[in-house]
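Below, each chain spelled out in residue letters.
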Amino acid sequence: PGLYGNIQAALLAGGEFGEWGACSGAVLPEQGSRRQIRRAVLFFVAYLLAVRVGYAISAGGVIAPIWPPTGIAVAGLYLFGRRLAPLVAVGTVIGLLTQLDFTPAAIVAVAAVNTAEAWLGATLLRRIDFSPALARTRDVVSFALVGAVAPPLLTIPVAIAVGTQLGYSGEI
């Protein structure tokens, strides 16, 4: 099945997604099962690695043609629940602190927007009868458009503002 199939199989293995679908509660579920903790850790590590890849392909650490962390975040929040949204914020903050000299206001803005776009993508996918198995053409198109294109539109104004703050004026 290739790398994508192996990742998808690992994410889909072992469980129900419904218990993670609620929007309320702590980052980790009340029972704190080992499987759920492992999922949260796996998601966080995958997100941090995607942030590193995103910065590696970006122009000056700010502008990138694609942003892999968005896909990881949307898929993770869809599969494991929107309760993991704070991990997106923390991963974004860690990524920003290790890459560029962002102001605290820029760090908070980017972390908030990245978290909001992941939450929005996962929420929209839940509302349109999306299947993570991606067996139907409809699911592939839905994930591409609703999960990957629509939510990042939130980040455009923030990216422009942060890029301007860092001195980029459109020559990238």
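As the structure is a computational prediction, the values presented were derived from the model and not from experiment.

*Asks:* What is the right way to read the overall build of the protein from this model?
*Replies:* Looking only at helices and strands, the protein has 7 helices and 0 strands in total. In sequence order, the secondary structure elements of the protein are arranged as α-α-α-α-α-α-α. In the protein, which comprises 172 residues, the proportion classed as buried is 38%. In the protein, the proportion of contacts linking residues at least 24 apart, taken out of those at least 6 apart, comes to 69%. Summing over all exposed atoms, the protein offers an accessible surface of approximately 9100 Å²; the carbon and sulfur share of this is 69%.

*Asks:* Explain the packing of helix α5 (residues 104-127) against helix α7 (residues 155-165) to me, please; I cannot follow it from the model alone.
*Replies:* The interhelical angle for the contact between α5 and α7, taken along N-to-C directions, is 160°, at an axis separation of 10 Å. When the axis of α5 is compared with that of α7, the two are roughly antiparallel. Between α5 and α7 the crossing geometry is left-handed. Counted together, Ala106, Ala109, Val110, Val113, Asn114 and Glu117 of α5 and Thr155, Val158, Val162 and Gln165 of α7 form the full contact between these two elements.

Quick notes on the rules
Residues numbered from 1 in each chain as written. Predicted model: local features only at pLDDT ≥ 70, side-chain atom pairs only at ≥ 80, totals over all residues. Heavy atoms only, no water. Helix = DSSP H or I, 4+ residues; strand = E, 2+ residues; numbered from the N terminus. Buried < 20%, exposed > 50% of the residue type's maximum accessible area, 1.4 Å probe, protein only. Contact = heavy atoms within 4.5 Å. Areas by Shrake-Rupley, 256 points an atom, 1.4 Å probe, with all protein chains shown as cover. Axes fitted to C-alpha atoms, helices over the stretch in contact; angles between N-to-C directions. Parallel < 35°, antiparallel > 145°, perpendicular 65-115°, else oblique. Left-handed = near helix turned anticlockwise from the far one by under 90°.

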